[in-house]
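This is what each chain is made of:
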Amino acid sequence: MSDNQGSRPESEDSVSEPVAPAASPQPAPASDVPTTPPAAAAPVGPAMPPRPPYPASYPKAPAGYGGPAAATGQAFGPGAQTAPTLPLGGPAPSAPVRKKSAAGRTVGLLVAAALVGGAAGVGGTYAGISMWGQTQTTAASSPTVVTVNDTQKVNNVTAVAAKVLPSVVTISATASNGGGTGSGVVLSADGYVLTNTHVVTLDGATADPTLSVTTSDGKVYKATLVGTDPTYDLAVIKLTDASGLTPIDFADSSKLNVGDQAIALGAPLGLDNTVTTGIVSALNRSIEIASSAAPDDSSTKDDGGQGQQESPFQFDFGQGQQQQQQQSANATIKIAVIQTDAAINPGNSGGALVDSDGKLIGINVAIASSGGSSSGGQSGNIGVGFSIPANIAQRVADEIIKDGSATHGLLGATVADAASQKNATIQGAYIQDVSSGGAAAAAGLRSGDIVTEFNGVPVTNAIDLTAQVRAAAGGSDATLSYVRDGKTETAKLTLGTLQ
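Residues numbered from 1 in each chain as written. Predicted model: local features only at pLDDT ≥ 70, side-chain atom pairs only at ≥ 80, totals over all residues. Heavy atoms only, no water.

**Student:** Honestly, the overall build of the protein in this entry has me stumped. Any pointers?
**Tutor:** On a plain count of helices and strands, the protein comes out with six helices and 22 strands. For the protein, with 499 residues in total, the buried portion stands at 45%. Surface exposure of the protein reaches about 23,800 Å², of which carbon and sulfur atoms provide 51%. (Helix = DSSP H or I, 4+ residues; strand = E, 2+ residues; numbered from the N terminus. Buried < 20%, exposed > 50% of the residue type's maximum accessible area, 1.4 Å probe, protein only. Areas by Shrake-Rupley, 256 points an atom, 1.4 Å probe, with all protein chains shown as cover.)

**Student:** What's the story with the pairing of strand β16 (residues 413–417) in this structure? I'm lost.
**Tutor:** Regular strands have side chains that alternate between both faces of the sheet. Among the five residues in β16, five count as buried, and that is most of the element. Where β16 lies against strand β17 (residues 429–434), five bridges are found, and the strand directions are antiparallel. When the sheet's bridge partners are listed, Val415 is paired in β17 with Ile431. (Pairing = 2+ DSSP bridges.)

**Student:** Can you help me understand the side chain of Thr195 in this one?
**Tutor:** Among the secondary structure elements, Thr195 is positioned in strand β4 (residues 192–195). Take Thr195: its relative accessible area is 0%, and that puts it in the buried class. Within polar-contact distance, the side chain of Thr195 engages the backbone oxygen of Ser183 at 2.7 Å. Contact partners of Thr195, with chain neighbours within four places excluded, come to Ile171, Ser183, Gly184, Val200, Asp233, Leu234, Ala235, Ser349 and Gly350. (Polar contact = N/O pair within 3.5 Å; in protein donor to acceptor, adjacent residues only side chain to side chain. Contact = heavy atoms within 4.5 Å.)

**Student:** Quick question: what am I supposed to make of the confidence of the model for the protein here?
**Tutor:** A low pLDDT means the predicted coordinates there should not be read in detail. Averaged over the protein, the pLDDT score is 75; the fraction of residues at 70 or greater is 62%. Per-residue pLDDT stays below 50 along residues 1–24; that stretch engages in 87 contacts with residues further than four places along the chain or on separate chains. Every residue in residues 97–108 is under pLDDT 50, and counting partners more than four places away or in other chains gives 46 contacts. (pLDDT = per-residue confidence, 0-100.)

**Student:** Sorry if this is basic, but what is going on with the packing of aromatic side chains here?
**Tutor:** The geometry of an aromatic ring pair comes down to the distance between the two centres and the angle between the two planes. Under the counting rule described, the total for this entry stands at zero aromatic pairs. Directly above the ring of Tyr192 sits Lys238, whose terminal nitrogen or CZ lies 5.4 Å from the centroid. (Phe/Tyr/Trp six-rings, centres within 6.5 Å; stacked < 30°, edge-to-face > 60°. Lys NZ or Arg CZ within 6 Å of the ring centre and 35° of its normal.)

**Student:** Please clarify how the pattern of salt bridges should be interpreted in this entry.
**Tutor:** Should the charged atoms of two oppositely charged side chains come close, the side chains can pair. This model, assessed by the stated rule, comprises four salt bridges. A salt bridge links Asp249 to Lys163, with the nearest nitrogen and oxygen atoms 3.8 Å apart. One end of the pair, Asp249, is in the loop between β7 (234–239) and β8 (261–266); the other, Lys163, is in helix α1 (residues 156–164), and 86 residues separate them in sequence. Two residues, Lys334 and Glu288, come together in a salt bridge whose shortest N-O distance is 3.4 Å. Here Glu288 lies in strand β9 (residues 274–290) and Lys334 lies in strand β11 (residues 332–340), a separation of 46 residues in the sequence. (Salt bridge = Lys/Arg side-chain N within 4 Å of Asp/Glu carboxyl O.)

**Student:** Looking at this structure, how should I read the nonpolar core?
**Tutor:** Across soluble globular proteins, nonpolar side chains have a tendency to be buried as a group. In terms of nonpolar packing, the biggest core is built from 38 residues, with Tyr232, Ile335 and Val354 touching the most fellow members. Here this core gets six residues from one element, more than from any other, and that element is helix α4 (residues 390–403). Leu445, Ala472, Leu493 and Leu495 belong to the second-largest nonpolar core, a separate cluster that totals 22 residues. (Core = buried A, V, L, I, M, F, W, Y, C linked by side-chain atoms within 4.5 Å.)

**Student:** Explain the sheet that holds strand β5 (residues 210–214) to me, please; I cannot follow it from the model alone.
**Tutor:** Two modes of strand pairing occur in sheets, parallel and antiparallel, and in both the strands are linked by backbone hydrogen bonds. The six strands lie next to each other as β2-β3-β4-β7-β6-β5, forming a closed barrel whose pairing is antiparallel. Averaged over all neighbouring strand pairs, the angle between strand axes comes to 40°, with direction disregarded. (Axes fitted to C-alpha atoms, helices over the stretch in contact; angles between N-to-C directions.)

**Student:** Sorry, what's going on with the pairing of β5 here?
**Tutor:** Because side chains alternate across β5, one face comprises the buried residues Leu211 and Val213, and the other comprises Thr210, Ser212 and Thr214, none of which is buried. When strand β2 (residues 168–175) meets β5, the two strands line up antiparallel, connected through five bridges. Across the sheet, the residue bridging to Thr174 is Thr210, located in β5. When β5 meets strand β6 (residues 220–229), the two strands line up antiparallel, connected through four bridges.

**Student:** Whenever I open this one, unusual backbone geometry confuses me. Can you help?
**Tutor:** The phi torsion of most residues other than glycine is negative, and most of the peptide bonds are trans. The phi angle at Asn284 is positive, at roughly 60°, despite the residue not being glycine. Relative to the assigned elements, Asn284 resides in strand β9. One non-glycine residue, Asn423, lies in the positive phi region at around 60°. When its relative accessible area of 68% is taken as the criterion, Asn423 is described as exposed.

Take a look at the structure:
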């Protein structure tokens, strides 16, 4: 088996143009004609100097600017000065210059699942406070999405976070038997959101969850479940009465390289607007996960592998009830994943893994734990996390939105690890049996063949082949390479559809 099997879990320079100094007020020309004072004029105090012209560099003059001078003697409140203090005739300040921004079984796998409770997310002060200090009514404040204390030292991760966080949400799912939190990514301006099945169903505990979604700016929405895809642990929900949201941009995950920058965004441990960074540490990984939400597509029938021991993969909701329920799961799912060392923890599930351009490369789904399947304590990130590739996630999401569910390919064969066979010389997926009338049989495959590649992706064991077949849409065309009697052959076939 592979080392994974049996273990679970902006911007351009902005420089303001020079501003011409504000014109100083000119004194009135002297007159030879004496002025007749008004009769019985009351004594007045010293005349207030006229206000200077409103500087062109400021966006808009405050209400009442140029009107009567404010009453003196007040430091704040309605009687306070409402105009900016500027030297008469002096130059208006120019805007500050912004710096350009660069934009197996040896380990247990633990799914970065929903976590109950957790602290509140990133907070911040309201940026719309009156520049001049006059009394005014403002709308309720919202949290700051990205905190930047020194604008001269922002880096590419800062820019990516500022771009992507508005497209990442925190999801709370509750049911009569418990609840949990996870993450999601915005697919459309009107509120379609992509996440994991185990987040919104509490790992199969409920099919009718109560969903609440918080966006990065602190707005809270009710949401409904559009559809789930337990086979690849993906789900789509729809926010109620949402508009103006920021959809995430998708990258082509098939063009990733090991070493590419990877940035994870989500709400680990309930801490929304969290950003972690790392690299793509491996590609073409496949993992097998025990799941109570897994469909009834028996792992011992078509496209199944040899019998497995209890999988150490498990969802971690941070709550004993869910853990006990999921520990009883006897079904598994096999999914293709991107491996990353960007820190992913419980609560990151369903969140975004993006590249250096802020485009989605994966949906975070699982982490590795050295503790295996032990329920003696909660495990956290140890530098090995997994995400469902964006290309697969996008296909599944599109089908769920359109039809309410997604399709998956079916090969029509029972497979095992080639390396475990007697006198093995190569690794791959060993075909034990071929189903009559299935895709494999139609392509001429037979017992004893060893599949080494599927749709251009290397196959090293049975899990790899099953994960890649399931990643393809039902009824789609595929190409695989296999070895028979020491010779490599290629077959083209049309996959069946998993029921």
